Amino acid sequence: MPIFNVTGEVDPFLHIALAKGEKIYCESDAMVMMETNLELKGKMTGGIGAALMRTFANGESFFQQHIEALRGDGDCLLSPTLPGAMRVLDIGSQQYMISDGAFVAATSGVELKVRTQSLGNALFAQSGGFFITETAGSGQLAVSGFGAMSELEVAPGKDVVIDNSHVVCWDKRLQYEISMTTGSSGGFLGNLINSQTSGEGIVLKFRGTGKILVCSRNRAAFLAWTQSKPA
């Protein structure tokens, strides 16, 4: 199986070592360098329908880059679109739900599937609206987050609330719901006012057993800040 390693402390690369015949796929424009034994092709993974669903679900490009070691062993370097940390996850016994823009690369045995989610979650989520991406199969998956990344453990009786824009991915076994407030009462209007006056937007509430990866930066807030500054 291809070997994934994150290299570098600040804005790291994803280094992948492939043996002859092995292949991986990654987000469009992720490839920085590859050795000449490797071959890169743009493909619609899973066909037109699957490619369209992934584009709607988490903002991925319609075409993904597929890198295969056709002529012998070889290495490649990949990087995510936004500056920040990366993490390599083992897929198999654990499967994950992935937020918008978090996908970097995966071995060929990992499948990114798209499914619908509840109406309430679809209306308020930044995870593809009515659609959300989940992993299947086995292998390795690399995800990225804007800024630093941290791992949180959720246990029974220790539910957590996380700002929606900081969630990278989470264990599929976890139950989640989306809310406009950290409170448990107050009605729709009260929750809306509380959400605005607290400075928080949409939050995700998780319960159960599993882990969540979160990033330190909020893409939407950072973009709004840069646009508010004079030229």
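Check the entry above for the structure.
Everything in this summary refers to the structure shown in the same document. (Residues numbered from 1 in each chain as written. Predicted model: local features only at pLDDT ≥ 70, side-chain atom pairs only at ≥ 80, totals over all residues. Heavy atoms only, no water.)

### Details of the environment of Val-203
Stage number 1. With respect to the helices, strands and loops of the structure, Val-203 is situated in strand S18 (residues 203-207).
Stage number 2. Its relative accessible area of 3% is what places Val-203 among the buried residues. (Helix = DSSP H or I, 4+ residues; strand = E, 2+ residues; numbered from the N terminus. Buried < 20%, exposed > 50% of the residue type's maximum accessible area, 1.4 Å probe, protein only.)

### Things to note about the packing of aromatic side chains
Stage number 1. Under the definition given, this model contains four aromatic pairs.
Stage number 2. Summarising the aromatic geometry, the rings of Tyr-176 and Phe-206 are spaced 6.4 Å apart at their centres and angled 35° between planes, so their arrangement reads as tilted. A residue pair is termed long-range when its members are at least 10 positions apart, and Tyr-176 in strand S17 (residues 175-179) and Phe-206 in strand S18 qualify at 30 residues.
Stage number 3. Of the aromatic side chains, those joined through ring pairs into one cluster are Trp-170, Tyr-176 and Phe-206. (Phe/Tyr/Trp six-rings, centres within 6.5 Å; stacked < 30°, edge-to-face > 60°.)

### Remarks on the pattern of salt bridges
Stage number 1. Within the structure shown, the criterion is met by six salt bridges.
Stage number 2. Linking Glu-151 and Arg-87 is a salt bridge whose minimum nitrogen-to-oxygen distance equals 3.1 Å. Of this pair, Glu-151 sits in strand S14 (residues 149-154) while Arg-87 sits in strand S8 (residues 86-91), and the two are 64 residues apart along the sequence.
Stage number 3. Look at Arg-87 and you get partly exposed, because its relative accessible area is 25%.
Stage number 4. It is possible to trace a salt-bridge network through shared partners that takes in Glu-39, Lys-41 and Arg-71. (Salt bridge = Lys/Arg side-chain N within 4 Å of Asp/Glu carboxyl O.)

### Concerning the sheet that holds S18
Stage number 1. Judged by pairing direction, the sheet is antiparallel, and its three strands sit side by side in the order S15-S18-S17 without closing on themselves. Each end of this open sheet is capped by a strand with a single partner; those strands are strand S15 (160-163) and S17. When the angles between neighbouring strand axes are averaged without regard to direction, this sheet yields 25°.
Stage number 2. Note: S15 against S18, four bridges, orientation antiparallel. Bridge pairing in S18 links Asp-163 to Val-203. (Pairing = 2+ DSSP bridges. Axes fitted to C-alpha atoms, helices over the stretch in contact; angles between N-to-C directions.)

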